[in-house]
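Structural overview for review
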Amino acid sequence: MKIGILGAGNIGKQIGRLAVSSGHHVLLSNSRGPETLPFDIVAELGDSLTPSTAREVVTESDLVVVAIPLGNYSRIPEPPAGKIVIDAGNYYQARDGVIAELESGSATTSGLLQAHLPTARVVKAFNHIASAELTTDSRKPGSPGRRALIVAGDDPTARATVAGLVDAFGFDPLDIGELSEGWRVQAGTPAYCVPLTKEELSESLSRTERPSASA
Ligand SMILES: NC(=O)c1ccc[n+]([C@@H]2O[C@H](COP(=O)([O-])OP(=O)(O)OC[C@H]3O[C@@H](n4cnc5c(N)ncnc54)[C@H](OP(=O)(O)O)[C@@H]3O)[C@@H](O)[C@H]2O)c1
């Protein structure tokens, strides 16, 4: 696949590395333009990476990963209808500003992205792991203690596609159902950024109570 990544920071670069090591081509953008992308990742991924604008990422990729601060979601260009858009974001008031719907728990971060991109198939994934651990904790399928990561989204086919990527990137996918379930792995929940196996993650999420601010 051509995997487009919006955001060339901590999480975007790590997703790019895993995508390329899994045999995909990467289109990468930041907020300023392709010529300003970090040199380290451009040099590292070489011909497997096309420096891009945000609009090129959403139009020319088979699948898009959003790895930018939540406060900038309203600037994401609309992709063609039906495109799978992975949301790796989290809400931090100090960074993103106060977002009333998240403070009250009436919305989730991925729900806000879905509302901004109504024809996209948004899937929440890769938000509850520290970026460095995406490479250090990646293991082959069947490895003892393999770490698990959730997928959540309203379209089952899109969830299955993203679950396949999670597996290819080195983690056991745990399908937790609809996008509205994403609060279970928001910042501050027991499973957030804690290495857990699929059984442990499933058990933890089943006991998680909804806090006031939502993922
Ligand atoms: N860091 C982690 O360990 C981690 C783990 C899981 C999830 N997350 C979540 O992932 C998101 C990104 O975190 P991060 O730590 O990777 O951030 P970061 O290192 O600060 O990088 C943010 C990147 O987003 C780009 N960007 C901002 N607005 C954009 C736009 N409108 N279009 C395209 N690119 C844009 C920035 O480009 P410019 O430099 O040009 O502004 C920058 O490359 C956050 O929601 C965070 O909570 C982070």
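Residues numbered from 1 in each chain as written. Predicted model: local features only at pLDDT ≥ 70, side-chain atom pairs only at ≥ 80, totals over all residues. Heavy atoms only, no water.

1. Things to note about unusual backbone geometry
As a reminder, the rule being used: Going along the chain from the N terminus, every DSSP run of H or I of four or more residues is numbered as a helix, and every run of E of two or more is numbered as a strand. Only protein chains enter the accessibility calculation, which uses a 1.4 Å probe. A residue is then buried if its area is under 20% of the maximum for its type, exposed if over 50%, and partly exposed in between.
For Phe 126, which is not glycine, the phi dihedral falls at a positive 65°. Its location among the elements puts Phe 126 in the loop between β6 (121-124) and α7 (133-136). Of the residues examined, Phe 126 reaches a relative accessible area of 0% and is grouped as buried. At Cys 193, a position not held by glycine, the phi torsion is positive, near 60°. With respect to the element layout, Cys 193 can be found in the loop between β8 (172-175) and α9 (198-207).

2. Overview of the side chain of Asp 137
Cut-off, in case you're wondering: Side-chain atoms alone can form a polar contact between residues adjacent in sequence; in general such a contact is a pair of N or O atoms within 3.5 Å, and within protein one must be able to donate a hydrogen while the other accepts it. Contact between two residues is taken to exist if any of their heavy atoms lie within 4.5 Å; hydrogens are not considered.
Within the fold, Asp 137 resides in the loop between α7 and β7 (148-153). At a separation of 2.6 Å, a polar atom in the side chain of Asp 137 contacts the side chain of Arg 147. Excluding its chain neighbours within four sequence positions, the residues that come into contact with Asp 137 are Arg 147, Gly 170, Phe 171 and Pro 195.

3. Section: the environment of Arg 147
Mapped onto the elements, Arg 147 comes out in the loop between α7 and β7. A residue is classified by how much of its surface remains accessible, and Arg 147, at 4% relative accessible area, is buried. With 54 residues separating them in the primary sequence, Arg 147 and Leu 201 have C-alpha atoms 8.9 Å apart. Those residues within four positions of Arg 147 in sequence are excluded, and the remaining contacts are His 128, Ile 129, Glu 133, Asp 137, Phe 171, Asp 172, Cys 193, Val 194, Pro 195 and Leu 196. Only 2.7 Å separates the side chain of Arg 147 from the side chain of Glu 133, close enough to count as a polar contact.

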